[in-house]
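Structural characterization, general
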Amino acid sequence: MEVVQKIYICCCSKIYNMKELLTRSLSGLLYVSILLLSIFISKYTYLFVFILFGILSIYEFQKLIHLKNKRLYLIFILLLGGLYFYHEKLFFYLVLPTLILTIVTEIFLIKDLITIRIIPMFEKRKYFTSIFYLITSIIFIILIPNYSGIYQPHIIAGAFLITWVNDSFAYLVGKNFGKHKLLERISPKKTIEGFIGGFVFSLLAGYLIAIFSNTLSINIWLIISIIMSIFGTLGDLIQSKFKRQAGVKDSGTIMPGHGGIYDRLDSVIFASPFLYAFLQILKYVS
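Residues numbered from 1 in each chain as written. Predicted model: local features only at pLDDT ≥ 70, side-chain atom pairs only at ≥ 80, totals over all residues. Heavy atoms only, no water.

1. Remarks on the packing of aromatic side chains
Where we set the bar: Classification of ring pairs uses Phe, Tyr and Trp, with its six-membered ring standing for Trp, and accepts pairs whose centres are within 6.5 Å; under 30 degrees between planes counts as stacked, over 60 as edge-to-face, and the remaining range as tilted. For helices the rule is a DSSP run of H or I covering at least 4 residues; for strands it is a run of E covering at least 2, with both sets numbered from the N terminus onward.
Counting across every chain of the model gives 21 aromatic pairs. Ring geometry for Phe169 and Phe201: centres 3.9 Å apart, planes at 10°, overall stacked. Taken together, the positions of Phe169 in helix α6 (residues 153–177) and Phe201 in helix α7 (residues 192–213) put the pair 32 residues apart, joining distant regions of the chain.

2. Details of the pattern of salt bridges
The condition is simple: Salt bridges are counted wherever a side-chain nitrogen of Lys or Arg sits within 4 Å of a carboxyl oxygen of Asp or Glu. Remark: exposure states derive from per-residue accessible area (1.4 Å probe, protein chains only) relative to the maximum for the residue type, with buried under 20%, exposed over 50%, and partly exposed in between.
Following the criterion strictly, the structure yields five salt bridges and no others. Linking Lys111 and Asp112 is a salt bridge whose minimum nitrogen-to-oxygen distance equals 3.1 Å. Under the relative-accessibility criterion, Lys111 is labelled partly exposed at 40%. With a closest N to O distance of 2.5 Å, Lys190 and Asp236 form a salt bridge. One end of the pair, Lys190, is in strand β2 (residues 187–191); the other, Asp236, is in helix α8 (residues 218–246), and 46 residues separate them in sequence. Accessibility expressed as a relative area gives 23% for Lys190, which makes it partly exposed. One network of salt bridges, in which partners are shared, links Lys111, Asp112 and Arg125.

3. Notes on the side chain of Thr191
As a reminder, the rule being used: For the purposes of these results, a polar contact is taken to be a pair of N or O atoms within 3.5 Å, where, inside protein, one atom must be able to donate a hydrogen and its partner to accept one; residues adjacent in sequence count only when each atom of the pair is a side-chain atom. The contact criterion used is simple: two residues touch if any of their non-hydrogen atoms lie within 4.5 Å.
Its place among the elements puts Thr191 in strand β2. Judged by its relative accessible area of 6%, Thr191 is buried. A distance of 2.9 Å separates the side chain of Thr191 from the backbone nitrogen of Gly194, its partner in a polar contact. Once residues lying within four places of it in the same chain are set aside, the contact partners of Thr191 are Gly174, Gly178, Lys179, His180, Lys181 and Leu182.

4. A look at a nonpolar patch on the surface
What counts, and what does not: Residues with no salt bridge and a relative accessible area higher than 30% make up the patches, which join like charges within 9 Å and nonpolar side chains (Val, Leu, Ile, Met, Phe, Trp, Tyr) within 5 Å. Calculation of accessible area relied on Shrake-Rupley with a 1.4 Å probe; when residues are assessed, cover is drawn exclusively from the protein chains displayed.
Taken together, the side chains of Ile192, Ile196, Val200, Phe201, Leu204, Tyr207, Leu208, Ile211, Phe212 and Ile218 present a nonpolar region at the surface, about 900 Å² in accessible area. No other element matches the nine residues that α7 contributes to the nonpolar patch. Residue classification places Tyr207 among the partly exposed positions, given a relative accessible area of 38%.

5. With respect to the packing of helix α2 (residues 43–64) against helix α9 (residues 261–285)
Which entries qualify depends on this criterion: With axes taken as lines fitted to C-alpha atoms, and helix axes fitted only over the stretch in contact, angles between N-to-C directions fall between 0 and 180 degrees. Orientation is classified from the angle alone, with under 35 degrees giving roughly parallel, over 145 giving roughly antiparallel, 65 to 115 giving roughly perpendicular, and any other angle giving oblique. Lys, Arg, Asp and Glu make up the charged group, whereas Ala, Val, Leu, Ile, Met, Phe, Trp, Tyr, Cys and Pro make up the nonpolar group; the residues left over, Gly among them, are polar.
Running from amino to carboxyl end, α2 crosses α9 at an angle of 100°, the nearest separation of the two axes being 9 Å. Between α2 and α9, the crossing angle belongs to the class labelled roughly perpendicular. Contact with α2, carried on its side by Phe50, Phe53, Leu56, Ser57, Glu60, Phe61 and Leu64, involves Ile261, Tyr262, Asp263 and Leu265 of α9 and no other residues of that element. Here the contact of α2 with α9 is composed, by residue class, of eight nonpolar, one polar and two charged.

6. Considering the nonpolar core
The condition that has to hold: Nonpolar core, defined: a set of buried Ala, Val, Leu, Ile, Met, Phe, Trp, Tyr and Cys residues in which side-chain atoms within 4.5 Å join the residues together.
Ranked by size, the top nonpolar core spans 79 residues in total, and within it Phe50, Tyr133, Phe160, Ile224, Phe242 and Tyr276 carry the most contacts. Top contributing element to this core by residue count: α9, with 13 residues. When sequence neighbours within four positions are dropped, the list of residues in contact with Tyr276 reads His87, Phe91, Val95, Leu99, Phe140, Leu143, Ile144 and Tyr147.

This is how it looks when you write it as structure tokens:
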């Protein structure tokens, strides 16, 4: 009887794991399909989808930091309108100051990630971080393919692809070869070996994108790969710290098996202002 019970439990466990894997795969496929289709159909479908993603991410982030303020959604729309539609005219008066404030805010988040156990989120900092980390970074994701004044979908699609490659191979390499923890108190499963694996395969992805997309040069795509790998990993760790402080596994439940939209975008959100800054430097230097 005991043997039969063990076999039954084992079979149930396998069925559950297979069902969970199938759910996660279908959910991930739907997310990737919506994202890539929105990017390549037109700049307006991309704008619409990321307005929706932005609103969901703001909602999920507010839950993590225990903040309820509907004005943040209005700030997101108004700031997006100013930065998106007056991008060229107000670059030095609005876009550049916003970019600097966003990068400075993220540098402080990196400092807090490394040096202290809990990121201090008093009331004023909750608002400031919500605006100049989350909201503005999402807006820079929207601005990246428009950085030159002409919509270039391959730029942002490539950035997402590099991020997905980095995450996937960091997981695979870390799971099979990881021995040294990267930042155990924040994310126990992340390893130094995994980070190196993700970084190397990100460079390979950037190289292949440069070869097959015929957009930017190989060197530029390799630099984009470095930005997305390093700052994407930091963004993932910072989000993990926010979740750990909130005592939750995921930021949301909208994507079965994956969590929330903020869970899926955390790496790109954090890396976006650094990538946008690099593209702008490239634009003005060349």
